[in-house]
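Chains, contacts and geometry: an overview
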Amino acid sequence: MALTILDPKTALVLIDLQHGIVAPPSVPLSGAEVVARGKELADAFRSRGLPVVLVNVSFSPDFGDAPKGRDDEEPDPEEDEDEDEGMPADFAVIVDELGAQDTDIRVTKHQWGAFHGTDLDTQLRRRGVTQIVLAGLVTSRGVDTTAREAYAHNYSVTFAVDAMADRGIEVHDNAIERIFPQIGQRATTAEILKLLSS
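Below or above, wherever it landed, is the structure these notes cover. Note that this is a predicted model, so its numbers are computed, not measured.

A separate point is the sheet that holds strand S3 (residues 105-109). The strand order across the open sheet built from six strands is S3-S2-S1-S4-S5-S6, with neighbouring strands paired in parallel fashion. Each of the sheet's edge strands pairs with one partner strand only, and the pair in question is S3 and strand S6 (185-187). The average undirected angle you get between the axes of adjacent strands in this sheet is 25°. Where helix H2 (residues 31-47) meets the sheet, its contacts fall on strand S1 (10-15), strand S2 (52-57), strand S4 (131-137) and strand S5 (156-165), and the angle it forms with S1 comes to roughly 160°. Contacts between helix H6 (residues 169-183) and the sheet are confined to S5 and S6, with S5 contributing the most and set at about 170° to the helix.

Our focus in this paragraph is H6. Taking 1.5 Å per residue, 15 residues should reach 21 Å; H6 reaches 21 Å between its end C-alpha atoms and fits that length. Residue Ala175 marks the point of greatest curvature in H6, where the axis turns by about 35°. Each element contacted by the buried residues of H6 is listed here: helix H5 (139-152), S5 and S6.

The subject of this paragraph is the environment of Thr188. Structurally, Thr188 can be placed in the loop between S6 and helix H7 (189-197). Distance from Thr188 to Thr4, taken between C-alpha atoms, is 12 Å for residues 184 residues apart in sequence.

Quick look at unusual backbone geometry now. Both trends apply: most residues other than glycine have a negative phi, and most peptide bonds are in trans. Omega for the bond connecting Val27 with Pro28 falls within 30 degrees of zero, at -5°, which places this linkage in the cis form. For Pro28, the location among the structural elements is in the loop between helix H1 (19-22) and H2. A cis amide bond links Leu137 to the next residue, Val138, at an omega of -15°. Mapping Val138 onto the fold places it in the loop between S4 and H5. The backbone phi angle of Asp16 is positive, close to 55°, even though this residue is not glycine. Inspection of the secondary structure assignment puts Asp16 in the loop between S1 and H1.

Below, the discussion takes up the pairing of S5. Along any regular strand, the residues point their side chains to alternate faces of the sheet. With eight of ten residues buried, S5 lies mostly within the body of the structure. Two strands pair when backbone bridges link them, and S4 and S5 are joined in this way by six bridges, in the parallel orientation. Counted as the bridge partner of Gln131 is Ser156 from S5. In this fold, the crossover linking S4 to S5 by way of H5 has right-handed handedness. Bridge count between S5 and S6: three bridges; the pairing is parallel. The residue bridging Phe159 from the neighbouring strand is Arg186, located in S6.

With that settled, consider the side chain of Thr10. Inspection of the secondary structure assignment puts Thr10 in strand S1. At a separation of 2.7 Å, a polar atom in the side chain of Thr10 contacts the main-chain carbonyl oxygen of Asp7. For Thr10, the side chain forms a polar contact with the side chain of Gln131, separated by 3.3 Å. The residues contacting Thr10, other than those within four sequence positions of it, are Phe45, Leu50, Pro51, Gln131, Ile132 and Val133.

Another aspect to go through is H5. The end-to-end C-alpha separation of H5 is 18 Å, in line with the 20 Å expected for 14 residues at 1.5 Å each. Along H5, the positions that sit buried rather than exposed are Thr139, Gly142, Val143, Asp144, Thr145, Thr146, Ala147, Glu149 and Ala150. Against S1, S4, S5 and H6 lie the buried residues of H5. Looking one or two places after H5, you find Asn154, whose phi comes out positive at around 75°.

Cut-offs used in this document
- Residues numbered from 1 in each chain as written.
- Predicted model: local features only at pLDDT ≥ 70, side-chain atom pairs only at ≥ 80, totals over all residues.
- Heavy atoms only, no water.
- Pairing = 2+ DSSP bridges.
- Helix = DSSP H or I, 4+ residues; strand = E, 2+ residues; numbered from the N terminus.
- Axes fitted to C-alpha atoms, helices over the stretch in contact; angles between N-to-C directions.
- Contact = heavy atoms within 4.5 Å.
- Expected span 1.5 Å × (residues − 1).
- Bend = angle between axes of the 7 residues up to and from the residue.
- Buried < 20%, exposed > 50% of the residue type's maximum accessible area, 1.4 Å probe, protein only.
- Right-handed = clockwise from strand over helix to strand, strands pointing away.
- Polar contact = N/O pair within 3.5 Å; in protein donor to acceptor, adjacent residues only side chain to side chain.

This is how it looks when you write it as structure tokens:
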């Protein structure tokens, strides 16, 4: 962990802290633990007048806007059932425990990353943001893809590594130990909060 500075215009970007993503089991932290740390960060950013971005993922009832590319992943029978019945009504709703505020920026994505097909880059650039702190669910998909996109858009990226989790420990650890050091800096929630206070 080598984080030594936060830019004056740093935004917190919280990925998919919504009912349908927080509820399933995750490791090494539960969804509730990730939300609690995300709230700590969000409260600190808000108190300093820094942007907080709440990203959720959602699809139309007919899944017409869901990604259609072919892949080798084994189909999940439960996910197939969900597609037949549509998403649960609260799937995309940001959890209350996060304490969302009217001043938070809301971004709805329709794939893993929060930049492609959204106005996230515009929202950040118009506020002069040069660095983002990332946290949320899940590490190897929504967080990782958003980080890669942010890096490609020339933002400095900081990972709150103890404020994210995944469905499997191997993919979580691979992202944190092998991918993230190539595109940003890693820090704990406490280290980020300490820098915000300095």
